[in-house]
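Coordinates in review
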Protein chains: 2
Amino acid sequence: MYQLKLMSWLEAVLWNEHELVPAIAQDAVSGRVLTLAWMNREALELTATTREAHYWSRSRAKLWRKGESSGHAQRVLEIRLDCDSDAILLIVAQEGGISCHTGHARCFYQRLENYAWHDVEPVLKDPKEIYGDG
Amino acid sequence: MYQLKLMSWLEAVLWNEHELVPAIAQDAVSGRVLTLAWMNREALELTATTREAHYWSRSRAKLWRKGESSGHAQRVLEIRLDCDSDAILLIVAQEGGISCHTGHARCFYQRLENYAWHDVEPVLKDPKEIYGDG
């Protein structure tokens, strides 16, 4: 019965031709939109069952728990689905106040001004410090 | 020169295999995430030059100005790009306080509870009233 329900809510999502869905993460406290990443079924199921954001990395072609190498996990307070069931919104508590691999608070730090993109938010932590020197 | 700059900021975007990019719209006042839609180059360029959100409808395969049939336009206050240049965030003023074609305030009105999706926000206006009876 549990398995049936589980399948049912996952199958309600309209997965794209790559079996993925875009997932927005929004900070529960500041309201800022932090990241847009992608999920496959396993990522969404793990996100729901563990309440930690999991994504599918398209560049590395692997499942990934947000924060597994950076420590910047996203604790998931709410999972939402849009009207046509092809986009997810997570309301999250962002560990460390940094969601971007560049060390910015969030990924959307470039703003269009006079038809050019400008970085308008600071780097809070050097990526070398976040990920180690290699 | 203007044309050169215009091309340059548009080409900085990492368009997907369908020449599209996902675009999140966030309400400037409430901070709520309203919609996730898709843009092609023309939609993004028109959004920047007119400051009214334009999208590419994948289902209808046509460019569309948000609000052209519903009246629920999105006036664009900010356009942002993410770290890897493959997602757009618009900060908008939502005309009529309704962004969803279902008459909900926003598209993300389904919330996951006990492994089922539940509508947790009201319909503010009957779609028949928004779009006319046919």
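This text follows the structure it describes.
First, a word on scope: everything that follows refers to the structure included in this document. Everything quoted here is computed from the prediction, not taken from an experiment.

1. Side note on the interface of chain B and chain A
Across the contact, 45 residues belong to chain B and 45 residues belong to chain A. Counting the surface lost from both chain B and chain A, the interface buries some 3,800 Å², and carbon and sulfur atoms represent 62% of this. Sorting the residues of chain B by area buried against chain A places B:Arg80, B:Tyr115 and B:Trp117 first, and these three jointly supply 21% of that buried surface. In this assembly, chain B and chain A are joined by 6 salt bridges. A salt bridge links A:Arg111 to B:Glu78, with the shortest nitrogen-to-oxygen separation between them at 3.6 Å. Counting the contacts that link chain B with chain A gives 20 residue pairs in polar contact (both at pLDDT 80 or more). If you list the elements that add at least two residues to the side of chain B that touches chain A, you get α1 (2-11), β1 (21-27), β2 (33-39), α2 (41-50), β5 (74-81), β6 (88-94), β7 (110-113) and β8 (116-119) of chain B. Where strand β7 (residues 110-113) of chain A lies against β5(B), 2 bridges are found, and the strand directions are antiparallel. Directly across from A:Gln110, in β5(B), lies its bridge partner B:Leu81.

2. Concerning the side chain of B:Asn40
Residue and element names in this part refer to chain B. The topology assignment puts Asn-40 in the loop between β2 and α2. Residue class for Asn-40 comes out buried when judged on its relative accessible area of 14%. Asn-40 has contacts with Trp-15, Glu-19, Leu-20, Trp-56 and Leu-63, leaving out every residue within four places of it along the chain.

3. Regarding the packing of aromatic side chains
Summed over the entire model, instances satisfying the criterion amount to 7 aromatic pairs over all chains. With centroids separated by 6.4 Å and ring planes inclined at 45°, the aromatic side chains of A:Trp38 and B:Trp38 adopt a geometry described as tilted. Here the residue A:Trp38 occupies a position in strand β2 (residues 33-39), and B:Trp38 occupies one in strand β2, the pair thus bridging two chains. An identical accessibility class is assigned to A:Trp38 and B:Trp38; each is buried. Geometrically, the ring pair formed by A:Tyr115 and B:Trp9 is tilted, given 6.0 Å between the ring centres and 40° between the ring planes. Of the two residues, A:Tyr115 is situated in the loop between β7 and β8 (116-119) and B:Trp9 in helix α1; the pairing between them involves two chains. Residue A:Tyr115 is classed as partly exposed on the basis of its relative accessible area, which comes to 21%. Joined through ring pairs, the aromatic side chains of A:Trp9, B:Tyr115 and B:Trp117 make up one cluster.

4. Some remarks on the relation of the copies chain B and chain A
With an RMSD of 0.0 Å, chain B superimposes on chain A once it is rotated by 180° and translated 0.0 Å along the axis. Accordingly, the operation relating the two chain copies is best matched by a two-fold axis. If distances are taken from each C-alpha of chain B to the rotation axis, the shortest is found for B:Gly31, at 2.9 Å. With an isologous cut-off of 70% or more, the 100% of interface residues of chain B that recur at the interface of chain A puts this contact in the isologous class.

5. Digging into the sheet that holds β2(B)
Note on sheets: strands pair through backbone hydrogen bonds, and any given pair is parallel or antiparallel. Ordered in space as β8(A)-β7(A)-β5(B)-β6(B)-β1(B)-β2(B), the 6 strands form an open sheet in which the pairing is mixed. Two strands close off the open sheet at either side, each with one partner strand: β8 of chain A together with β2 of chain B. Neighbour-to-neighbour, the strand axes of the sheet open up by a mean angle of 35°, direction not taken into account.

6. Quick look at unusual backbone geometry
Excluding glycine, residues mostly carry a negative phi; peptide bonds, for their part, are mostly trans. Residue and element names in this part refer to chain B. The backbone of Ser-85 shows a phi angle near 60°, a positive value even though the residue is not glycine. Mapped onto the elements, Ser-85 comes out in the loop between β5 and β6. On the accessibility criterion, Ser-85 (15% relative accessible area) is buried. Located in the positive-phi region is Asn-114, a residue other than glycine, with phi close to 50°. Tracing the chain through its elements places Asn-114 in the loop between β7 and β8.

Rules of the game
- Residues numbered from 1 in each chain as written.
- Chains lettered and ligands numbered in written order.
- Predicted model: local features only at pLDDT ≥ 70, side-chain atom pairs only at ≥ 80, totals over all residues.
- Heavy atoms only, no water.
- Contact = heavy atoms within 4.5 Å.
- Buried area = accessible area lost by both parts, 1.4 Å probe.
- Salt bridge = Lys/Arg side-chain N within 4 Å of Asp/Glu carboxyl O.
- Polar contact = N/O pair within 3.5 Å; in protein donor to acceptor, adjacent residues only side chain to side chain.
- Helix = DSSP H or I, 4+ residues; strand = E, 2+ residues; numbered from the N terminus.
- Pairing = 2+ DSSP bridges.
- Buried < 20%, exposed > 50% of the residue type's maximum accessible area, 1.4 Å probe, protein only.
- Phe/Tyr/Trp six-rings, centres within 6.5 Å; stacked < 30°, edge-to-face > 60°.
- Least-squares fit on C-alpha atoms with pLDDT ≥ 70 in both.
- Axes fitted to C-alpha atoms, helices over the stretch in contact; angles between N-to-C directions.

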